[in-house]
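# Observations on the three-dimensional arrangement
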2 protein chains.
Amino acid sequence: MRYVMLPTVWEESVCDLQAAGHERVDDLHDADFLLYTGYWDEFPELPPNIKFVQTAFAGLDALVAGGQLDPSVRWANAAGWYADSVAESTLALLLAVYHGHKYAGQQASFSAAEKLQDATRFLFHDKTVVILGAGGIGERLIEMLAPFNARVIAVNHSGRPVAGAADTVALGGDAGELRTRVWAQADVLVNLLPLTDATRGIVGAELLAQLKGGCVVVNTGRGGTIDTDALVDALESGHLGGAGLDVTDPEPLPDGHRLWELPNVVVTPHTANTVPNMKRVTGKFTAENARLFAEGKKMATEVDVAAQY
Amino acid sequence: MRYVMLPTVWEESVCDLQAAGHERVDDLHDADFLLYTGYWDEFPELPPNIKFVQTAFAGLDALVAGGQLDPSVRWANAAGWYADSVAESTLALLLAVYHGHKYAGQQASFSAAEKLQDATRFLFHDKTVVILGAGGIGERLIEMLAPFNARVIAVNHSGRPVAGAADTVALGGDAGELRTRVWAQADVLVNLLPLTDATRGIVGAELLAQLKGGCVVVNTGRGGTIDTDALVDALESGHLGGAGLDVTDPEPLPDGHRLWELPNVVVTPHTANTVPNMKRVTGKFTAENARLFAEGKKMATEVDVAAQY
C-alpha cells in the first residue's frame, strides 16, 4: 500500500514498512493510509482516498478533544506497542521509590542511611500490586513482577481475568467490593488507564483514602486520570508512602511544583516511552495492521471510536 | 543448642531460632555458638566453649583486617542470605540510571525531556549484562533480568557455568579472552565481588577502558573492589554511560564527593540490604546452619578461612 508519514518521517520505520512492501509517498492525495507520528495540533485534513489512519501514539485523548477522531475513517492506534518500554519504566519508578533513591540524592550524604535503613522497602517482601487499567502494558508488567513473587490484582473495564493476576475486578463494579478486594489490599497502585470522559480524575481523594496506608502510587498512564491536589495531600499527610510519576496533570508539570520537591516522589518527564523506542517498533506494527486491513479484517489495534480508545 | 546474640539482639531472629529449638543465653561461656549481628569493632574474645561463629553479614573483609578470623573456630557467614534484597537493589539502581531519574530530579523541570527522550535507555533493548562475582546474588539477579531478555555473561573464580547465563568465564583466565568475551560485550557491568586481597581494586582503569562505550557500572558488592578515581575519570570522560553505587571507596562517601553530584550516577548509602531485612531472615538461616553443624556436616554458608570468604 501507499502511505504518507506525517508530520515527521522516521527512517527506521520507513525501512521496516518498505521491507513489508509498502511505499511512502509525499502527497496525502496519493496515499491509501496515513501514518501519523506527531502531536495533534499538526493533524491534517483527510482527503477521501485515505482509508485508515494509523497513529504512533496509544492515547487518543488530545485527538478526541480536538474533534479530529473522524468516524467515517477507520483508525488504529499504538495500544500495546510500547508495553515493553512502559512496563519497564513502571518497574523502574516503583523500585526507585521503594529504595529511596531520590531522598539519597537530595541528601547527597551517607547520613541518608540513618533513614533508609528503615525506610527502604523491598518488592520481594510479599507485596500486593494493583494494576488499574490492566491491558497489554499490565500483562508485560506482570511478567516483570513475577521474579519478585508480587501478588497482582488487576482492575479493568470488563473484569475479564488477566493472565498472571491473582484476582481481576471490574472497575465499574460494586464500590464496597472494590474497597475491600482492591484498594485496601494495595501496597502499590499502578495506574495505566487511558484518559477518557470516564476516567478523568478517577483516582481522587475518595479512592486514595481507601488505599492501604503507605501505598506507593505509580502513574504511567495519563496524568489527568489522577487528581493531583488530592495526590499531593495524601503524600503530605503521610497516608501514601510515595509516588512515581511519568505523567501529571497539568503536563508539563510547572517548575517549582511540590511534586518536583517531595523526597518520596520520583518524576520523569513523560519518557516512560520515548521517540527512539517508537521509531524502533512503529514500522513493524503498522505493516501488520496494513496487512490485516488489506485482508478485510479488523486491525490489531483498531480503535473503537465511540469508546475513545 | 545454646547461643549468644551479640552485640544487638534481634527479637525477630530470636523467635525464629526458638521455634527451631535453640535457646538464647546471655553469657558467652554458657553458649555453643555465637550469632554475631554487629560490625567488627565490637567483636568479643571467644571462650573455648564456642564451637562456631555465625555472622549476620556476608562480607568478612573487616574481620580479616582486624585479625579476628580465628582459624581454630568454625565460621559461617551470611553468603546468599540477602540474595533477594541485593539483587532487587541492583536492578533498581540499574533501571534508575538507564531511565535518567537523577537527571530529571536535578533539573526538577519538564525540560529534562529534551535530553531524556534520547538519553533514556531500555534494558529490554537487547542488552548484555556482565555479572562479576556471580554467586547466589547473581543467580537471583539473573531471574529478575529474565523478563527483559537480557543476555547475561557471568564471571566467577571457577568459570563453572552459572544457571541462566549465556556464558560463564573464569576471572583469572586469559586477559585477551576476558577482553573480547566479557568486557567488550558489556552494556552493563554488575559488580558483586567480595573484598579480598585478590579483588581489591580489580575494577581499575585498565578494566574500565576495555568496557564497551556507554557501559553502565553497578556496584552492590564491596566498594574497595573498584578504583574510585578511575571510575570517576571514566564517567567524566563520557566513556561510561553512568553508574549505580550502593558501596564506594571510601565509605562513607564524603559529602561533596563528585559521585554525589554526577547526574548519571545514582548512589545509595549501603542500603542494598538493610537491617530490617537481615532480622527477617537471620534466625531461619542460622537455625539451618546449627542443624547441619549438630549433624557433623559442613554448614550451608561455612567460611573457607584461607580464602577469606
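Please refer to the structure higher up on the page.
Residues numbered from 1 in each chain as written. Chains lettered and ligands numbered in written order. Predicted model: local features only at pLDDT ≥ 70, side-chain atom pairs only at ≥ 80, totals over all residues. Heavy atoms only, no water.

Residue and element names in this part refer to chain A. The strand order β8-β7-β6-β9-β10-β11-β12 describes an open sheet built from seven strands, whose pairing is parallel. Strand pairing shows two members of the sheet lacking a second neighbour, β8 (167–170) and β12 (265–267), which therefore form its edges. Neighbour to neighbour, the strand axes of the sheet diverge by 15° on average, direction disregarded. Bridge analysis of strand β9 (residues 188–191) against strand β10 (residues 216–219) gives four bridges, and the strand direction is parallel. Bridge assignment links asparagine 191 to a residue of β10, and that residue is asparagine 219. (Pairing = 2+ DSSP bridges. Helix = DSSP H or I, 4+ residues; strand = E, 2+ residues; numbered from the N terminus. Axes fitted to C-alpha atoms, helices over the stretch in contact; angles between N-to-C directions.)

Our next topic: unusual backbone geometry. Residue and element names in this part refer to chain A. Put simply, leucine 6 and proline 7 share a cis peptide bond, and its omega is -10°. Within the fold, proline 7 resides in the loop between β1 (2–6) and α1 (11–19). The amide bond that connects aspartate 249 to the next residue, proline 250, takes the cis arrangement and shows omega of 5°. Note on placement: proline 250 falls in the loop between β11 (242–245) and α10 (258–261). Here aspartate 126, not a glycine, exhibits a phi torsion of approximately 50°, which is positive. Inspection of the secondary structure assignment puts aspartate 126 in the loop between α5 (113–119) and β6 (128–132).

Residue and element names in this part refer to chain A. Secondary-structure assignment places serine 72 in the loop between α2 (61–65) and β5 (74–76). In sequence terms serine 72 and proline 48 are 24 residues apart; their C-alpha atoms lie 9.4 Å from each other. Side chain to side chain, serine 72 and aspartate 70 meet in a polar contact 2.7 Å long. (Polar contact = N/O pair within 3.5 Å; in protein donor to acceptor, adjacent residues only side chain to side chain.)

Bringing the environment of arginine 258 of chain A into the picture now. Residues and elements named next belong to chain A. Mapping arginine 258 onto the fold places it in helix α10. For arginine 258, a relative accessible area of 41% translates into the label partly exposed. Sequence-wise, arginine 258 and glutamate 143 are 115 residues apart; in three dimensions their C-alpha atoms are separated by 33 Å. If we skip the residues at most four places from it in the chain, arginine 258 touches Val232 and Glu236. Of the polar contacts made by the side chain of arginine 258, one reaches the side chain of glutamate 236; its length is 2.2 Å. (Buried < 20%, exposed > 50% of the residue type's maximum accessible area, 1.4 Å probe, protein only. Contact = heavy atoms within 4.5 Å.)

Our next topic: the relation of the copies chain B and chain A. When chain B is fitted to chain A, the best match, at an RMSD of 0.0 Å, comes from turning it 180° and sliding it 0.0 Å along the axis. Here the copies are linked by what is in effect a two-fold axis. Interface residue correspondence from chain B to chain A reaches 100%, placing this contact among same-surface, isologous pairings. (Least-squares fit on C-alpha atoms with pLDDT ≥ 70 in both.)

Tallying the contact residues gives 51 residues for chain B and 51 residues for chain A. On the chain B side of the contact with chain A, Glu88, Phe110 and Gln117 of chain B bury the most area, a combined 17% of that side's loss. Applying the counting criterion to the chain B and chain A interface returns two salt bridges. The partner of arginine 280 of chain B in a salt bridge is aspartate 126 of chain A, with the nearest N and O atoms 3.2 Å apart. The tally of links from chain B across to chain A stands at 18 residue pairs in polar contact (both at pLDDT 80 or more). Of all elements in the fold, only α3 (83–98), α4 (101–107), α5 (113–119), α6 (136–145), β12 (265–267) and α11 (275–294) of chain B reach the threshold of two or more residues within the side of chain B that touches chain A. Looking at the side of chain B that touches chain A, the element that brings in the most residues is α3 of chain B, giving nine residues. Taken together, the residues of the side of chain B that touches chain A sort by class into 26 nonpolar, 15 polar and ten charged. (Buried area = accessible area lost by both parts, 1.4 Å probe. Salt bridge = Lys/Arg side-chain N within 4 Å of Asp/Glu carboxyl O. Nonpolar A, V, L, I, M, F, W, Y, C, P; charged D, E, K, R; others polar.)

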